Amino acid sequence: MIADLALYIGGLLLVFGALFSLLAAIGVLRFPDLFTRLHAASKAGAVGGGMVLLAVALISLDAAVFLRALIGIVFLLLTTPVSAHLLARASHLTGYRVSESTIRNDLKNPVE
Amino acid sequence: MGLSLDASVALIAIAPFLAAILAPLIQSLAGRFAAWILFIVPAGIFIVLLGLAERVVAGQTISTAIGWVPSFGLTLGFFVDGLSLVFALTISGIGALIVLYAGAYLRGHRHLGRFLAFLLAFMGAMLGLVLADNSLAIFMFWELTSITSYLLIGFDAGRQAARRAAIQALVITNIGGLCLLVAIIVMQQLSGTWLLSELRGLEGVVRDSAFYGLVLTLVLAAAFTKSAQFPFHFWLPNAMEAPTPVSAFLHSATMVQGGVYLLARLTPVLGETSVWTGTLVAFGSVTLIWGAIGALRQTDLKQILAQTTIASLGLLVVLIGLGSKAAIAAMIVYFIAHAFYKAGLFMVVGGVDHEAGTRDITALGGLADKMPVSFIGAALGALSMFGLPLTVGYFAKEEMYLAAFGGDWLAWLVLAVLILGNALLAGIALLIMIRPFLGDALPTPRKPHEAPIAMLSGPLILGGVAVVGGLLPEWLGHDVLAPATLAVLGVEAEPHLSLSFDITNPVLWLSVITWGLGILVFRQAHRIRVLLRRAELAIGWTADRAFDAVMFGLIRFAGAVTRFLHHGRLEIYLFTVFAMLGLALFVPLSLLGGFDWIVPTADLGDWSKRLVLPDLRIYEWGILLFVLVGLLAVLIAQSRLIAILSLGIQGTGLALIFLLFGAPDLAFTQLMVEVLSVVILTVVMTNLRLDARDHRPFEDWARDGTLAVICGAGVSHLLMLVLTGTFDSRLSDFFAKTSVPVAHGANIVNVILVDYRGLDTLGEISVVMGAGIAILALLRRRNKPAIAARGEP
Amino acid sequence: MTASAFIDLTSLIALIILGIALLVSLVRIVIGPSIADRVLALDLMTVIAMGFIGAIAVRTGLTLYLDIAIALALLGFLATVALARYILRRGLKVDAAMELQ
Amino acid sequence: MNTVIFRTAAPLIVATMLVFSLYICLRGHNEPGGGFIGGLIAAAAIAVFGMASGVPAVRRALKVDPLAIAGFGVVLAGASGLLSLFTGSPFMTSIWLYLDLGETTLPLSTPLIFDLGVYCAVFGTISSIALALESDREEDL
Amino acid sequence: MDYILAALVGVFVALGVYLLLSRAVIRMLIGMVVLGNGVNLLIFTAGRVTREVAPIVPEGLETPAGAFANPLPQALILTAIVIGFSMFAFLLVLAYRAYQSLDADDTDTMRLAEPENAPQPPLSY
Amino acid sequence: MNETATLVADWLIVLPVVLALVGAAALLMVRRANRVPVIGALLFLLGIIACEIGLLIRVVEEGPLSMTMGKWLPPFGISFTVDLFSAAFALAASVVTLVVVVCAEAGRDADDGRDAFHAMVLLLLAGVTGAFLTGDLFNLYVWFEVMLIASFGLIVLGGNPLQIDGALKYGFLNFLATTLFLLALGLLYGLLGTLNMADIMRVAPGANPAALTGIAALLLLAFGMKAAAFPVNAWLPAAYHTPAPAVSALFAGLLTKVGAYALLRSLVMLLPASRDLLEPVLALLAVATLVVAPLGAIAETNLRRAVGFVVIGGIGAILSGLSLASATGIAGAGIYIFQAILSMTALYLTVGLIEARTGAMDTRQMGGLYEASAPLSILFFVLVLAAAGVPPFLGFWPKLLLLQAGVAGSAEGWVGGVLVVALIVNAILTLIAGTRLWSHIFWRNASDALPLARSGRRLRLATSAVGVLVLAIVALGLWPNPLIEGGQRAAADLLAPSRYLEAVGLAEVEQ
Amino acid sequence: MNSAFLVVILALLWAGITGSFSGLNLLFGGLIGGAALFILRFSIEGRGALRRAGKILSLVALFVWELIVSAVRVAHLVIRPDLKSVLRPAIIAVPLTVKSDAEITLLANMITLTPGTLSVDVSKDRSVLFVHVLTLKSAEALIADIANGFEARIKEVFE
Ligand code: NA
Ligand code: NA
């Protein structure tokens, strides 16, 4: 029964993970500039991807797979902010113009 | 002689070449005595050959064979009969004298050793040519004479004229040589034997076959080029660029006679037909007259001699063409006479050139005082050439008139040509003997004095022999002409040479007419020369110039073709490849009905069922779409990064296809590789600014697009054609059956990679490693000047 | 609905959603406008593809596909880093200007 | 890429990747994966490391020339095939040894050695390429 | 199904060929990759495709339970992918060096080895 | 599983390749150690040659031999199957590699050690030998790629712009060729379901002939490119003159010959029916290659490029043997490959020596070598004659066989006669090209602008190494019987491969 | 000490992914982890060991919660039709009190993954973290939030 429960949760997680991924994609499409898009990609993306991994782990009902999924999630959490940071920084340093709706920008002068 | 036959063969076959290899060494060790040491080789061979003469005169043929290339039936050996013995004796005898002569002529020259090496190698080849029975061996020696001749003509290589003459001679004779090779192969396939002695016995096997015309043409091409028959005669005068010993040896007495020898040898196989006679007589006649007239045009003594050689070669060919016993006997005796006097005259001319510093007949005179011995040598030779009684030349003329005398009007015409030719040659003989040596002494570039003994011995000995031969007609007829004629025609013949002058014999009167005309030619030589030069200017075109035109045309053509094909533009090279791909995909298939399956027929109707909308699932369609979008994006990408990213997309899509259709390992690898490709591309792109846009104009776009669609469609079609067949899954079934129980692996793909087909993987990682090395080699050093860079001006 | 049917259904739904997500992020890759936007979209795409593989793993019951997903994340990160460096060195504008042509 | 965030996070990321790569390599015989992919991931780790900390740091850390590792990989793979010379069977005939170690048996086999060779070859080569490209770029700057 | 894949192979090949015919080296290189992918898909299709069942023997079994995807083409493609990748990496770095040392990425201008104004052969002996 | 025990002697079949591969890898590991790579390379090469001599002797005595890796009965595992052709070619390849390694020492600086030259040479040899020895079509592809990547590494050594340009064309066209090979291979696998050559021979007659011939045409294109057959040979003149001379020599001796060998193997032995259908195409290619290539040699002023065209002309001769496909013709083609491996390498090495002496690559800037260097004169002269097929040098014998085959074949159709004419035209044009080169480089006086360099000790060592090779070529030309007999036997085995099938162990399945 | 700890973690990680916690496998995992750390030996800081598991756990819990909230919030934002008017993006300079590399990195990463914020860069003197905010209400409130939230917890963990 518990096994079935894990499957049902897993299935739900799978769908939700997929949804988060889709929303992340939509966010990346809809947001006005790079920095705002990064928000969508990094948060929704990481959560979406992580949820799917967790879903696989739950559905497999296998400790080894579960641990592996966990590793994947950890790795995702480890790398997502780093890549967001690298992209944001690189864009900023090369003179990316933020959206006009930006109300305050403390990073006016590129460091270089 | 005490030598066994095999030892003789070994000596004759190997000694000249061995001597040639050692000649430079001997020259550097023995200095001026080198020629005397090397003289032993041809002289020894001459003596050995003389030792065989007795049996040949008795009518025997001597043959022996040592296996060489059994798979071709090719033997290293010997076939001595009257014909080959005459030639071989001439070659080795004159060769010995030439070696001595060359030693003196090129005394102190730093490449004398090299020169003697070529000379001896040539002699070996020439001996091989006339003594071999195996036609392949004959061809090989034939080619070797061309090569050595090339090296000898170009001996004075600093001058372009020498180089040109050498290439010219080689090209002309090599074309002939290759014709000979094909002829030999055809004859072998007709007769089943490589041996000429056997071939001669197989009456009509070539002559009656459908290939007779072809073989005859090829053999004549070989003989005519080698023996400088019109219209291939022009290389011979140019070959006078060679040092005089070469002219004396190769280009009068020996090599050019190779063609004559070949024709004589093949008379029983190819001769005795009207085509044979007609062609030989026609070409020979033209050559005879052309050469003689050519000689009159010249003032350079060497050129005069060269042109008369052409004439004499024409004469010999005419005689072979006539092919009667008398004609062949005349051919043999004329060959001997010519070889002796011509070699001698060349040597004298070389001496004159050497001592007086010029060979211009108009600039020389009265040398007989300063160079009396040379004069005697010249006189002996010239009188034989003139055909005076008591010389061999006399008998030559007698015999040939006898051979041509009587018959139909054509025979009379031939006789007229012979008389005219002989008369012109007689006039020239007087010219050579009288102009430089008699009359008033003219100032010359060098103060003339007598040539050294080594240079004089040749003319004297040769002239002497010519006279001795002329004094011993019985011996000449019985011991020389009879065996030789027998060898050529295969029938007994006993020419009766005699010194008894029978004034009722019309042939004698023909000789008298010849002499008279000769004296007339001598008297009018200057006027004739002026006339001929005017004519030459009027024509303004010679075969020699035509050679240049052809050669330069060829070079220009080659340049144009090469530049057209190898222009350095990669995209066109690639276009060619894909055009070939398109052809490969469509032509064979359309010829073999490879497209039939598309047309619905009763028995092949299955395809239409398979082409209805396939049962792809929705997400599979999505992946297909994804791949297609990726491909499209690659195509239309306007920036390098989009192109790269699109590349990643189509690769990822492909990986997903693999994943969907049961290939996780593949998908895994494809994904990793695709991402890594993007990474590497990015890293490289980070360092450079490449434009990924397409600059093609519309025509190119349309052309390339068409070709691309053709290739794509062709590959698709061929793949579909393959898919219509049933699949043989033996291999995979075996792998599935044994993977776990035998190979201890559950992942069959991996087991294939590391076990069933581990060797592929070993090679594969070597490729990976190699890529690492290669890339490192690329990145490690830059702009190190290499020799290659200096190549382009 | 049995658990396995449920899994079948949810995995199919997930695959479809993820498929759409892939295509949506593809749009951003195509329209840009700056390199950074494209890179960002590609980065997201690897994560979505990872999810896609996970969903296939669920659907086929071959959980070992999970490793492929993880490996994809690992290399996807490398790609993003490399692309970020590309932006840092090459800048955004030149390329953007070129694209406008 | 001189950023403290990346530089600090990199070792953790790299360590994870390296461990994962070896895991992928070793279990390839029974599940997707294998030496090639393992080596690729390991090399990717080195590339990340190089981008974060610079090529000299990586070279110092590796100690061995990466191409030599690649060479070693090929030697190892070749040697695993040569071992069957001693069993009187053809080249690359697999040899299996089951080491009994209490509760588990450790399967040692020539295919395993072979796959490790593949791993080393790929790892060494790709790392070498990555580092070479990376240092080339630095010179240009 | 396999016919759809066969058609897709054609698309890959056509695109690869088209890209290879352009003059920009980097596009040619991408064309090479696309062509290689097409060939890989061709091998995959030629070995006949089945859906979803990987050639992995489930634990505890001696042989695959039912039908399974053909493993041999997969192994062949794996080898081909790796080799193709190595070649790609080399050619890419080569193009990079060409850009550095020849200052060109257009094959039209890369004609050092076979220069446009190549000398005419001398008309001499 | 094949349970019969394997003789240790059977390992001779696979050892040359394994030694070369492992040797390459080992030398890569020690590439920085002073002088170790060159000594190691020589030792490995001697070992390989020893194995190959042993192998050749066994093949001569016992007929074709086979070893299937991992005891997986053919057609399941990868077989190495060696017949006379492959054994002889492999031996020739490693011999010339040895000579090249010795000669290369003359032109290398101390600082060149780190570029792993010797590792790449061994890798190239591994690829070439593997291609000669393998009995599996996909494995052949792998060896092609090994060879290709090694040649990539070698061609760019030095890294000057000329090389980069040449390498780019070389790289794209050759990689395209192997990709086309792979394409054909995939289709062939889809059609026949097998990769083992012996197995293909058994299965192919039952396959769809149209598809099979289409695939054969693709193989012809792919291998034709590798072999540098007209009109897809552009990569050769674009690249052969750019690397170091020793590398050019290695390429000239090995690369195109492997392509030609693959044509021989695949079209004549594996798909004879398709070859018959493609015969007119083959003949046309042969004729075009025979005629067009020497024109390039006549036109070219860059010495190495000119010699490159001579190499291509030789490929035309091999192709003509393929299109005749009688035992004589195949023997001619095979022996030509063998002799070309030896003499083309020697020719290019000689060219390298010439460049070293004259300091130029452009024949218009050369001259005076005839005066200055007798050894070089002899080497070049002999090799040019060998290339032109002048007797008694080695190149003559295969040409003789080819002409024989052509004359015999002319009874059956236009192919034979046309090929005979083309072979003759090729011989004449090659001779013209050769003598022109000889005239310009050797006979003409040295130009004042580029004085000849003095011959140093290392140059003399290289000259002696080439001299030994040329001596071997001359000796083989003077005593060609073993070669011709071997060629005829090998050709017979190729045309009626029952012994080959037997060696692989697939003969009894047929009956 | 720190390294040993990491080796143990990596060994466990190894055992986890291979799915076997047998002693031998753990040993092997430890070896692999050790090898990986050997390669990275110059890059791992010698100080700042993770000591208090409880604090770590609470940090992790906080983080996970914030992450999910953050994702939901972004997701919600994404599908709002009036997206443009809701957005109030800004880049704010946040002064840092944590000093070590590890602390800064951890903080920056956590900020990125939590609601409405994204670390763009760290100033060269490491005194300021530039944070991009999706919907800025007040800069001061944001700075205070960070200082009292993650920054404080991180300091506790690293003390
Ligand atoms: Na991210
Ligand atoms: Na694998």
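Residues numbered from 1 in each chain as written. Chains lettered and ligands numbered in written order. Predicted model: local features only at pLDDT ≥ 70, side-chain atom pairs only at ≥ 80, totals over all residues. Heavy atoms only, no water.

1. Topic: the overall build of chain B
Broken down by element type, chain B carries 32 helices and two strands. Scaling as 2.2 N^0.38, a compact globule of 793 residues should have a C-alpha radius of gyration of about 28 Å, whereas chain B reaches 38 Å, well beyond that. Per-residue burial for chain B yields a buried fraction of 65% across its 793 residues. The long-range fraction of contacts in chain B, counting pairs at least 24 apart against all pairs at least 6 apart in sequence, stands at 77%. Positive and negative side-chain charges in chain B, numbering 47 and 48 respectively, have mean positions lying 12 Å apart. (Helix = DSSP H or I, 4+ residues; strand = E, 2+ residues; numbered from the N terminus. Rg over C-alpha atoms; globule rule 2.2 N^0.38 Å. Buried < 20%, exposed > 50% of the residue type's maximum accessible area, 1.4 Å probe, protein only. Contact = heavy atoms within 4.5 Å. Lys, Arg positive; Asp, Glu negative; His and termini not counted. Charge placed at Lys NZ, Arg CZ, Asp CG, Glu CD.)

2. Examining the interface of chain B and chain F
With 110 residues of chain B at the contact, the number on the chain F side is 133 residues. When chain B packs against chain F, the two sides together hide about 10100 Å² of surface, and 73% of this comes from carbon and sulfur. Inspection of the chain B/chain F interface yields three salt bridges. B:Arg110 is the partner of F:Glu371 in a salt bridge, and the nearest nitrogen-oxygen pair spans 2.5 Å. Between the two partners, chain B and chain F, sit 12 residue pairs in polar contact (both at pLDDT 80 or more). For the side of chain B that touches chain F, the per-class residue count stands at 71 nonpolar, 22 polar and 17 charged. (Buried area = accessible area lost by both parts, 1.4 Å probe. Salt bridge = Lys/Arg side-chain N within 4 Å of Asp/Glu carboxyl O. Polar contact = N/O pair within 3.5 Å; in protein donor to acceptor, adjacent residues only side chain to side chain. Nonpolar A, V, L, I, M, F, W, Y, C, P; charged D, E, K, R; others polar.)

3. So, the packing of aromatic side chains
All told, the structure shown has 62 aromatic pairs over all chains when counted by the stated rule. Residues D:Phe91 and F:Trp11 carry aromatic rings whose centres are separated by 5.8 Å and whose planes lie at 90° to one another, so their mutual orientation is edge-to-face. Of this pair, D:Phe91 sits in the loop between helix H4 (66-82) and strand S1 (96-101) while F:Trp11 sits in the segment before helix H1 (15-29), which puts the two residues in different chains. Given a relative accessible area of 1%, F:Trp11 falls into the buried group. Ring plane angle 75° and centroid distance 6.5 Å describe the contact between F:Phe80 and F:Trp143, whose orientation is recorded as edge-to-face. Taken together, the residues F:Phe80 in strand S2 (residues 79-82) and F:Trp143 in helix H5 (residues 137-155) connect sequence positions 63 residues apart. F:Trp143 carries the same exposure label as F:Phe80, and that label is buried. Over the ring of F:Tyr370 we find B:Arg114; its NZ or CZ atom is 4.4 Å from the centre of that ring. Sitting over the ring of B:Trp142, B:Lys226 keeps its end group 5.1 Å from the ring centre. (Phe/Tyr/Trp six-rings, centres within 6.5 Å; stacked < 30°, edge-to-face > 60°. Lys NZ or Arg CZ within 6 Å of the ring centre and 35° of its normal.)

4. Here we look at the arrangement of the chains
Separated in space, chain A and chain B share no contact, their closest pair of C-alpha atoms being 13 Å apart. Spatially, chain A and chain E are disjoint, and the shortest separation between their C-alpha atoms is 14 Å.

5. Overview of the side chain of F:Thr129
One can find F:Thr129 in helix H4 (residues 117-133). Residues within four places of F:Thr129 in sequence aside, it is in contact with F:Pro16, F:Val17, F:Glu52 and F:Ala90.

6. Details of the confidence of the model for chain B
Confidence in the prediction for chain B averages 88 pLDDT; 95% of positions are at 70 or higher. For the stretch residues 783-793 of chain B, pLDDT sits under 50, and the model shows 30 contacts to residues farther than four places along the chain or on other chains. (pLDDT = per-residue confidence, 0-100.)

7. Regarding the sheet that holds strand S1 (residues 104-105) of chain A
Sheet architecture is open: four strands sit in the order S1(A)-S1(G)-S3(G)-S2(G), paired in mixed fashion. Pairing within the sheet leaves two strands with one partner each, and these edge strands are S1 of chain A together with strand S2 (117-122) of chain G. Relative to strand S3 (residues 128-133) of chain G, strand S1 (residues 90-95) of chain G is paired through six bridges, and the arrangement is antiparallel. Each residue of the ladder has a partner; that of G:Ile91, found in S3(G), is G:His132. Where helix H6 (residues 139-158) of chain G meets the sheet, it contacts S1 of chain A together with S1, S2 and S3 of chain G, and its direction lies at approximately 50° from that of S1(G). (Pairing = 2+ DSSP bridges. Axes fitted to C-alpha atoms, helices over the stretch in contact; angles between N-to-C directions.)

8. Some thoughts on the interface of chain F and chain E
Between chain F and chain E, the residue contacts involve 41 residues of the former and 42 residues of the latter. Here chain F and chain E share an interface that buries about 3600 Å² over both sides, 77% of which is from carbon and sulfur atoms. In this structure, the connection of chain F to chain E is made through one salt bridge. With its nearest N and O atoms 3.1 Å apart, the salt bridge here joins E:Glu114 to F:Arg305. One can count eight residue pairs in polar contact (both at pLDDT 80 or more) joining chain F with chain E. Looking at the side of chain F that touches chain E, the elements with two or more residues in it are H5, helix H6 (161-192), helix H9 (235-239), helix H11 (272-299) and helix H17 (414-443) of chain F. In terms of residues, the side of chain F that touches chain E owes the most to one element, H6(F), which gives 19 residues. The class makeup of the residues in the side of chain F that touches chain E is 24 nonpolar, 11 polar and six charged.

9. Details of the packing of helix H11 (residues 257-270) of chain B against helix H13 (residues 301-322) of chain B
Residue and element names in this part refer to chain B. The geometry of H11 relative to H13 is characterised by a closest axis approach of 10 Å and an angle of 0° between their N-to-C directions. What the angle tells us is that H11 and H13 run roughly parallel. Two secondary-structure elements touch here, H11 through Gln257, Val260, Leu263, Ala264 and Thr267 and H13 through Leu313, Leu316, Val317 and Ile320. Counted by class, the contact of H11 with H13 contains seven nonpolar, two polar and no charged residues. (Parallel < 35°, antiparallel > 145°, perpendicular 65-115°, else oblique.)

10. Structural notes on the environment of B:Ala161
Residue and element names in this part refer to chain B. With respect to the helices and strands, Ala161 occurs in helix H6 (residues 160-191). Residue Ala161 is classed as partly exposed on the basis of its relative accessible area of 36%. A sequence separation of 77 residues divides Ala161 from Asn238, and the C-alpha atoms of the two residues are 8.2 Å apart.

11. As for empty space enclosed by the protein
In this model, the largest cavity occupies a volume close to 240 Å³. Lining the largest cavity we find 20 residues, and of these E:Val33, E:Gly36, E:Ile81, E:Gly84 and E:Phe85 sit closest to its centre. Among the secondary structure elements, those contributing two or more residues to the lining of the largest cavity are helix H27 (664-687) of chain B, helix H2 (25-46) and helix H3 (71-102) of chain E together with H5 and H6 of chain F. The residue makeup of the lining of the largest cavity, split by class, is 10 nonpolar, eight polar and two charged. (1 Å grid on protein atoms, 1.4 Å probe; cavity = no way out; pocket = protein on both sides within 12 Å on 5 of 7 lines; lining within 4 Å. Points joined across faces, edges and corners; volume = space filled by probe spheres on them.)

12. Notes on helix H2 (residues 36-62) of chain F
All names here are of chain F. With 27 residues, H2 should cover 39 Å at 1.5 Å per step; its first-to-last C-alpha distance of 38 Å lies within 8% of that length. What H2 keeps buried is the set Pro37, Val38, Gly40, Ala41, Leu45, Ile48, Ile49, Cys51, Glu52, Leu55, Arg58 and Val59. In this structure, the buried residues of H2 make contact with H1, strand S1 (65-68), S2, helix H3 (84-104), H4 and helix H19 (481-495). Positive backbone phi, at 85°, marks Gly63, one or two positions downstream of H2. (Expected span 1.5 Å × (residues − 1).)

13. Let's talk about the UniProt feature "transmembrane region" (unreviewed entry) in chain G
UniProt's entry tags residues 25-44 and 56-79 of chain G with the feature "transmembrane region" (unreviewed entry), counted in the numbering of this structure. End-to-end, the C-alpha atoms of residues 56-79 of chain G are 35 Å apart, and along that stretch the chain is 100% helix and 0% strand. (UniProt positions renumbered as here; feature names shortened; annotations may be inferred.)

14. A few points about helix H5 (residues 101-113) of chain G
In this model H5(G) runs 18 Å from its N-terminal to its C-terminal C-alpha over 13 residues, within 8% of the 18 Å that 1.5 Å per residue would give. In terms of residue burial, H5(G) counts as a mostly covered element, since 11 of its 13 residues are buried.

15. A look at a nonpolar patch on the surface
Residue and element names in this part refer to chain B. A cluster of nonpolar side chains, contributed by Ile14, Leu18, Ile21, Leu22, Leu25 and Leu29, occupies part of the molecular surface with about 620 Å² of accessible area. Along the polypeptide, Leu25 turns up in helix H1 (residues 5-30). Classification of Leu25 as partly exposed rests on a relative accessible area of 49%. (Patch = residues over 30% accessible without salt bridge, like charges linked within 9 Å, V, L, I, M, F, W, Y side chains within 5 Å. Areas by Shrake-Rupley, 256 points an atom, 1.4 Å probe, with all protein chains shown as cover.)

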